[in-house]
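# Secondary and tertiary structure notes
Spelled out, the chains give:
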Amino acid sequence: MELIIRIPDDFHLHLRQNRTLELCAPLSAAGFARALIMPNTIPPITAPEDLRRYAEEIKNVAPNLSPLLTFKIVPGLDPEQVGRLKKAGAVAGKYYPAGATTNAEDGFSDIQAAFPLFHALQAEDMVLSIHGEDPEAPVFEREEAFLPQVQTIVDNFPSLRIVLEHLSCRASVEAVKSWPTRVGATITAHHLAYTVEDLLGGRLNASLFCKPVVKGRADQKALIEAAVSGGGRFFFGSDSAPHSRKAKNGGAAGAFTAPVALPLLAGVLSGAGRIDRLEDFCTRFGAEFYRLPLNKEKLSLRRESWTVPDVYEDIVPLCAGETLEWRVLRA
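Described below are features of the structure shown in this document. Keep in mind that what you see is a predicted model, and the values were worked out from it rather than measured.

### Overview of empty space enclosed by the protein
The final tally for this structure, using the stated rule, is one cavity of 30 Å³ or more. What the largest cavity holds in volume is close to 110 Å³. For the largest cavity, the lining is made up of 16 residues, of which His14, Thr101, Lys211, Asp239 and Ala241 are closest to its centre. Here the residues of the lining of the largest cavity sort into four nonpolar, eight polar and four charged.

Right, dumping it as structure tokens:
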């Protein structure tokens, strides 16, 4: 079986810096035309010159990948900077609660302190991208515990477009459905394909450890239903997050999924009997939410077994050494 679709977009991607960037950007370019690039680098992307430099670094190593740029919303950032960041190419600002995930130590502990920056995003008609977890809540409850804060943003900013990133639970799916259509959400391949049993049920699968953590089967079912619903509120973002083997062995959160995301998606949607929904989920709905033209180039997904490499230099991918039933080929 072969499925030919528009080449997808990845609306949540970490490329890091230096050699990691050089290695990972071409791997994403093999399957995606555009990618929303996360700004939690060290130091973070917070100024127009940072944005331009990072875009140039990405284009130099992956000329076929068009980066959609974001900046990090951090305490002390001047709201007037938001307009300048937009002129430099930013399409979204990324909000992290303090300590919620990798390189989020400089995030906010009080969401209302970020309101002036949210006002600026709304005035510039830019997207607010949110890592939606309350790091003070128990680990499996962090995403649901954060939903009231998203509600506060929705209530206080009536024209702000918001994306709640990497949904992991049923409560978030239901919340997004209840909010206005200017609120969307990304769903990852690994949250669709795996549950906490895959993470912890046998041997610890460190390559699957991410934030928010994968949840139970009922939550997985809700995510799959959202992905195949045909509703434009839910679209694909890989949250592919590379770490060195040493960092992963030390407990770093993040699943490196760039080489396997599309095969995993095809496997999940095929298993659900809705492979016909794949194209809209990963090529149409995100582009429409971000008000981008649809891609014209095509990509082929073929039902053909292949073995995932054990390692890409020093980065272990999700599914390392496993055989997947779908593979990506450019049409």
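This is not the end of the story, as more comes after the structure.
### Focus: unusual backbone geometry
For the bond running from isoleucine 42 to proline 43, omega is -10 degrees, close enough to zero to count as cis. Examined against the element boundaries, proline 43 turns out to sit in the loop between strand E3 (34-37) and helix H2 (48-61). Despite not being glycine, asparagine 18 has its phi angle at roughly 55 degrees, a positive value. Position of asparagine 18 relative to the elements: it lies in helix H1 (residues 18-29). Using a relative accessible area of 62% as the deciding quantity, one classes asparagine 18 as exposed. At glutamate 313, a position not held by glycine, the phi torsion is positive, near 55 degrees. Relative to the helices and strands, glutamate 313 resides in the loop between strand E10 (298-307) and strand E11 (323-330).

### Here we look at helix H9 (residues 217-227)
Those residues of H9 lying buried are Asp219, Gln220, Ala222, Leu223, Ile224, Ala226 and Ala227. Tucked inside the fold, the buried residues of H9 contact helix H6 (170-178), strand E8 (183-187), helix H7 (189-193), strand E9 (234-236), helix H11 (261-271) and helix H12 (278-289).

### Digging into the layout of surface pockets
Within this model, the largest pocket holds a volume of roughly 260 Å³. Every residue lining the largest pocket is counted, 16 residues in all, and those nearest its centre are Ala30, Pro259, Pro263, Trp306 and Val328. Listed by contribution, the elements that provide at least two residues to the lining of the largest pocket are H1, H11 and E11. The class makeup of the residues in the lining of the largest pocket is 13 nonpolar, two polar and one charged. If you add up the space inside the second largest pocket, you get close to 180 Å³.

### As for the pairing of strand E6 (residues 127-130)
The alternating pattern of E6 places Val127 and Ser129 on one face and Leu128 and Ile130 on the opposite face, and all of these are buried. Here strand E5 (residues 90-95) runs beside E6; their pairing, made up of four bridges, is parallel. Across the sheet, the residue bridging to alanine 92 is valine 127, located in E6. The β-α-β motif built from E5, the intervening helix H4 (residues 115-123) and the parallel element E6 has right-handed crossover chirality.

Conventions used here
- Residues numbered from 1 in each chain as written.
- Predicted model: local features only at pLDDT ≥ 70, side-chain atom pairs only at ≥ 80, totals over all residues.
- Heavy atoms only, no water.
- 1 Å grid on protein atoms, 1.4 Å probe; cavity = no way out; pocket = protein on both sides within 12 Å on 5 of 7 lines; lining within 4 Å.
- Points joined across faces, edges and corners; volume = space filled by probe spheres on them.
- Nonpolar A, V, L, I, M, F, W, Y, C, P; charged D, E, K, R; others polar.
- Helix = DSSP H or I, 4+ residues; strand = E, 2+ residues; numbered from the N terminus.
- Buried < 20%, exposed > 50% of the residue type's maximum accessible area, 1.4 Å probe, protein only.
- Contact = heavy atoms within 4.5 Å.
- Pairing = 2+ DSSP bridges.
- Right-handed = clockwise from strand over helix to strand, strands pointing away.

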